[in-house]
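What the coordinates show
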Amino acid sequence: MKISGCTFLRNGQKLGYPFVPSIRSILPLVDEFIIALGPCDDETEAMVRAIGDPKIRIIPTQWNERIQPDYSLKGYVYGQQKSIAMFNCTGDWAFYLEADEVLHEQDLPRIRAAMEKHLNDPRVEALAFDYLHFYGNANTYAWSPRWYRSEVRVIRNTIPSWGPEGLFFVVMDSHKQGRFPRAAHAGATIYHYGWVRSEAQMDLKTSATHKYWEAKPADKIDYSQVDPMSLRLFTGQHPQVVQPWLPPAEGIFKADPNHKLTKREKKHRRMLKLEQWFGFKFNKKHYHLVK
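An account of the accompanying structure is given in this report. Because the structure is predicted, anything quoted here is derived from the model rather than measured.

Cut-offs used in this document
Residues numbered from 1 in each chain as written. Predicted model: local features only at pLDDT ≥ 70, side-chain atom pairs only at ≥ 80, totals over all residues. Heavy atoms only, no water. Helix = DSSP H or I, 4+ residues; strand = E, 2+ residues; numbered from the N terminus. Rg over C-alpha atoms; globule rule 2.2 N^0.38 Å. Contact = heavy atoms within 4.5 Å. Salt bridge = Lys/Arg side-chain N within 4 Å of Asp/Glu carboxyl O. Buried < 20%, exposed > 50% of the residue type's maximum accessible area, 1.4 Å probe, protein only. Polar contact = N/O pair within 3.5 Å; in protein donor to acceptor, adjacent residues only side chain to side chain. Pairing = 2+ DSSP bridges. Axes fitted to C-alpha atoms, helices over the stretch in contact; angles between N-to-C directions. Parallel < 35°, antiparallel > 145°, perpendicular 65-115°, else oblique. Left-handed = near helix turned anticlockwise from the far one by under 90°. Phe/Tyr/Trp six-rings, centres within 6.5 Å; stacked < 30°, edge-to-face > 60°. Expected span 1.5 Å × (residues − 1). Arc of directions from axis to C-beta.

With respect to the overall build of the protein
In terms of helices and strands, the protein carries six helices and 14 strands. Relative to its length of 291 residues, the protein is compact, with a C-alpha radius of gyration of 19 Å against a globular reference of 19 Å. With respect to the principal axes defined by its C-alpha atoms, the protein has extents near 50 × 50 × 40 Å. Taking the intrachain contacts of the protein between residues at least 6 apart in sequence as the baseline, contacts between residues at least 24 apart amount to 78%.

Points about the pattern of salt bridges
Should the charged atoms of two oppositely charged side chains come close, the side chains can pair. By the definition in use, this model includes 16 salt bridges. As a salt-bridge pair, R57 and E32 come within 3.7 Å of each other at their nearest N and O atoms. Taken together, the residues R57 in strand β3 (residues 56-60) and E32 in strand β2 (residues 32-37) connect sequence positions 25 residues apart. On the basis of relative accessibility, which here comes to 9%, the residue E32 falls in the buried class. Note that E101 and R153 form a salt bridge whose closest N and O atoms lie 3.0 Å from each other. Within this pair, whereas E101 is found in strand β5 (residues 101-103), its partner R153 is found in strand β8 (residues 150-156), the two being separated by 52 residues in sequence. The exposure class assigned to E101 is buried, which follows from its relative accessible area of 0%. Look at R153 and you get buried, because its relative accessible area is 0%. Through salt bridges with shared partners, a single ionic network connects E125, D173, R179 and R182.

Section: the side chain of T209
Assignment of secondary structure puts T209 in helix α5 (residues 199-209). The buried category is assigned to T209, whose relative accessible area is 9%. A polar contact of 2.9 Å, which involves the side chain of T209, links it to the backbone oxygen of K205.

Notes on the pairing of β8
Counted residue by residue, β8 has seven buried out of seven residues, so it is predominantly covered. Bridge count between strand β4 (residues 93-96) and β8: three bridges; the pairing is antiparallel. Its bridge partner lying in β8, W93 is registered against R156. Looking at chain direction, strand β6 (residues 126-135) and β8 are connected through five bridges and run antiparallel. Residue pairing in the sheet places A126 in a bridge with I155 of β8.

Some details on the sheet that holds strand β10 (residues 170-172)
The sheet built from three strands is open, its strands ordered β9-β10-β11 with antiparallel pairing. In the strand order of this sheet, the two ends are held by β9 (161-162) and β11 (178-179), each with one partner. Sheet topology note: the β10/β11 ladder contains two bridges and is antiparallel. If you follow V171 over to β11, its bridge partner there is R179.

Comments concerning the pairing of strand β12 (residues 182-195)
With ten of 14 residues buried, β12 is to be regarded as a mostly interior element. As paired elements, β5 and β12 share three bridges and run antiparallel to each other. Counterpart to L103 in the pairing with β12 is I190. Sheet analysis places β6 next to β12, joined by eight bridges and oriented parallel. Across the sheet, the residue bridging to H133 is H192, located in β12.

Quick look at the packing of helix α1 (residues 19-26) against helix α2 (residues 44-51)
Between α1 and α2, the shortest axis-to-axis distance is 10 Å and the interhelical angle comes to 30 degrees. The angle between α1 and α2 falls in the class roughly parallel. As for the relative orientation of α1 and α2, their crossing is right-handed in sense. The segment α1 lies against α2, with F19, V20, I23 and R24 engaging T44, M47, V48 and I51.

What to know about the packing of aromatic side chains
Enumeration according to the criterion identifies 21 aromatic pairs in this entry. Relative to F169, the ring of Y96 lies with its centre 6.3 Å away and its plane at 90 degrees, an arrangement referred to as edge-to-face. Of this pair, Y96 sits in strand β4 while F169 sits in the loop between β9 and β10, placing them 73 residues apart in sequence. The residues Y96 and F169 share a single accessibility class, namely buried.

Structural notes on helix α6 (residues 263-278)
Working note: α-helix, 3.6 residues per turn, so residues spaced by three or four point in the same direction. Here α6 spans 23 Å end to end across 16 residues, near enough to the 22 Å set by a 1.5 Å rise per residue. Every buried residue belonging to α6 is among E265, H268, M271, L272 and E275, and all of these are buried. For α6, the angular spread of buried residues about the axis comes to 115 degrees, placing them on one side. Across α6 from its buried face, at more than 90 degrees, point the exposed residues K263, R270, W277 and F278. One or two steps after α6, the chain reaches G279, where phi turns positive at roughly 80 degrees.

Here is the structure:
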């Protein structure tokens, strides 16, 4: 069994991505790691090369800055870059890991075991992961229907599939028709640190990428403007590779006590209540679970 890893990057250092810990976290699992590297005006490429692992293969790319964001398929430039990296994978499985996502070293044996288990089962086209979305600081994670709580990150590399945007995959049944992949659970978790970077870095990231998603200007980032009921204290242990990157913090992140709930947040509170009462989850999933 051969395992490929892949991602795309552009100005990862300037925009506050923990891309070096992310790459280091997956290298022990994969046989090759493909990076679609867009034009950078920071030290991103030098930092990738300084990792010094022969498994890493960099593919220089260009970004289409003129893609219109007013179509139903938004963030298409992300999909292009993700697909470029994925299309250069040569393994049986392609593991797409975003630049602010990190694997825990304790999960690597479980992920490999899941790949081996399903390698020769054609029903399973992908592997899905649980998610921890850290928010505000390293001691806090967000938990509500707003945040996807499971998603596919491994796709079988022997079927016709692509990434129309950054988040999910589509398997093509014909030239005109695609669907979400059939997936088994990997028994592992993705640690997502995108909302731990500073508000200044998040504003910079948003100003650089928002145009790919919407035509209107992005709002200023204020982490405190969040439903406090969606925040939970993290009592586990972060992956070793990301610990030096994490800003020091004490206690759970404090939301603004005067924050006025949006209609969406009120809806999510009702959904969380239903989850607590009846035991199911309002998970938005871009896959079909194989049982």
